[in-house]
Amino acid sequence: MDEAERAALRVAETGRRVEEHLARTGPVRGRASSPDGAVSVVAAPGGAPQEVRVSPAAIAMGPRALADEIVRVAAAASRDAAGRAHRSLERVADPATLRALAELGFEPGPDTDDFGGPYLRGPR
């Protein structure tokens, strides 16, 4: 067996372990909220927001400020999801795969669960 075949087997085995892990744990989601809790976002790693909640008080921010806040919080939720994905896959992926994830922007990041309210502290 040559090096290319061994690499292909390693990739296939890592893929199988990741699929099994995700089947057990479910999809990875990141969460973030504005400091005042007016805007809350749930996102998948590297993906668009899946859920955006805006409190009635946030409407007073005006359209431009509210849009900017949603974009800022969505980016934080996406970073949180990427970190969660990386930390979750540390259990099943080899070091080379984890390095590749980091190079793609899926850094482990801090493991924080301070989302500003009970709604966002639910199951992951």
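Values in this document were obtained by computation on a predicted structure and should not be read as measured data. (Residues numbered from 1 in each chain as written. Predicted model: local features only at pLDDT ≥ 70, side-chain atom pairs only at ≥ 80, totals over all residues. Heavy atoms only, no water.)

**Q** Help me get a handle on the pairing of strand β2 (residues 39–43), residues and values and all.
**A** For β2, the buried fraction is high: five of the five residues fall into the buried class. Burial along β2 is two-sided: Val 39, Val 41 and Ala 43 and Ser 40 and Val 42, pointing in opposite directions, are all buried. Here four bridges tie strand β1 (residues 30–33) to β2, and the two strands are oriented antiparallel to one another. Each residue of the ladder has a partner; that of Gly 30, found in β2, is Ala 43. Pairing of β2 with strand β3 (residues 49–54) involves five bridges; the strand directions are antiparallel. When the bridges of β3 are listed, Ser 40 appears paired with Arg 53. Where β2 folds back onto β3 in an antiparallel hairpin, the turn is made up of five residues, including Gly 46, whose phi is positive at roughly 65°. (Buried < 20%, exposed > 50% of the residue type's maximum accessible area, 1.4 Å probe, protein only. Helix = DSSP H or I, 4+ residues; strand = E, 2+ residues; numbered from the N terminus. Pairing = 2+ DSSP bridges.)

**Q** Hey, could you go over helix α1 (residues 3–25) for me, with residue numbers and the actual values?
**A** An ideal rise of 1.5 Å per residue puts 33 Å on 23 residues; α1 measures up with 33 Å between its terminal C-alpha atoms. On its buried side, α1 packs onto α2 (63–89) and α3 (95–103). Capping of α1 at its N-terminal end is provided by Asp 2; its side-chain oxygen lies 3.3 Å from the backbone amide nitrogen of Ala 4. Phi turns positive, to about 85°, at Gly 26, one or two residues after α1. (Expected span 1.5 Å × (residues − 1). Contact = heavy atoms within 4.5 Å. Polar contact = N/O pair within 3.5 Å; in protein donor to acceptor, adjacent residues only side chain to side chain.)

**Q** An account of the nonpolar core is needed here, citing residue identities and associated values.
**A** Nonpolar side chains tend toward joint burial in soluble globular proteins. Listed in full, the 10 residues of the largest apolar core are Ala 32, Ala 38, Val 39, Val 41, Ala 43, Ala 58, Leu 66, Val 73, Ala 74 and Ala 77. Put simply, the parts of the chain that give this core at least two residues each are β2 and α2. The greatest single-element share of this core, amounting to four residues, is contributed by α2. Not counting the four nearest positions on each side in its chain, Ala 74 is found in contact with Val 41 and Pro 49. If you look at the next biggest cluster of nonpolar residues, it comprises six residues, including Leu 89, Val 92, Leu 98 and Leu 101. (Core = buried A, V, L, I, M, F, W, Y, C linked by side-chain atoms within 4.5 Å.)

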